[in-house]
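Topology and contacts: notes
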Amino acid sequence: MDCKCLPGCPFFNDKMANMPAMANIMKKKYCQGNFESCARYMIFSVKGKPAVPSDLFPNEVEKAKKILGKK
Ligand code: SF4
């Protein structure tokens, strides 16, 4: 399933600095698949779009949990 953030997401639309070499694989895995596991989506779903750090990548779940106050 596609993530509902997909049209405006800087990761999906290659708008982030230092895009990882695996970006396309990550897009398939998260953006067009298991988006609920995406670190960006986790923050978006709880705190809204403005709270998502501009440099956060989908696989940085540990960072997302810290931001959300979970360990
Ligand atoms: S899964 Fe994450 S990176 Fe992909 S479009 Fe959604 S919020 Fe953006």
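Criteria and thresholds
Each chain has its residues counted from 1, running along the sequence as written. pLDDT decides what is reported in this predicted model: residues at 70 or higher carry local features, side-chain atom pairs at 80 or more are listed and counted, and totals for whole chains, interfaces and linings draw on all residues regardless. For each residue, a C-beta atom is placed from the backbone, and the residue counts as near a molecule or strand when that atom lies within 6 Å of it. Secondary structure elements follow DSSP: runs of H or I of four or more residues count as helices, runs of E of two or more count as strands, with numbering from the N terminus. Amino acids outside the nonpolar list (Ala, Val, Leu, Ile, Met, Phe, Trp, Tyr, Cys, Pro) and the charged list (Asp, Glu, Lys, Arg) are all regarded as polar, and Gly is one of them. Core membership is restricted to buried Ala, Val, Leu, Ile, Met, Phe, Trp, Tyr and Cys residues, and these are joined into a nonpolar core through C-beta atoms within 7 Å. Exposure in this text rests on C-beta crowding, where 20 or more other C-beta atoms within 10 Å of a residue's own make it buried, 12 or fewer make it exposed, and counts in between make it partly exposed. The C-beta atoms are placed from the backbone. Contact between two residues is assigned when their C-beta atoms, built from the backbone, lie within 7 Å.

What follows is about the site of the ligand. Taken together, 14 residues are adjacent to the ligand, and Cys3, Cys9, Cys31, Phe35 and Cys38 come closest. Put simply, the parts of the chain that give the shell around the ligand at least two residues each are helix 1 (23-31) and helix 2 (39-47). Looking at the shell around the ligand element by element, the count peaks at 3 residues for helix 2. Residues that form the shell around the ligand fall into these classes: 13 nonpolar, no polar and 1 charged.

For the rest of this paragraph, the subject is the environment of glutamate 36. With respect to the secondary-structure elements, glutamate 36 resides in the loop between helix 1 and helix 2. Along the backbone, glutamate 36 and alanine 23 are 13 residues apart, and their C-alpha atoms lie at a distance of 17 Å.

What follows covers the nonpolar core. Taken as a class, soluble globular proteins show a tendency for nonpolar side chains to be buried jointly. Within the largest apolar cluster, 17 residues are counted, with the highest numbers of intra-cluster contacts made by Cys31, Phe35, Cys38, Ala39, Tyr41, Met42 and Ile43. Breaking this core down by element, the ones donating at least two residues are helix 1 and helix 2. Here this core gets 5 residues from one element, more than from any other, and that element is helix 2. Beyond its immediate stretch of four places on either side in the chain, cysteine 31 contacts Asp2, Cys3, Leu6, Cys9 and Phe12.

These figures come from the coordinates and say nothing about function on their own.
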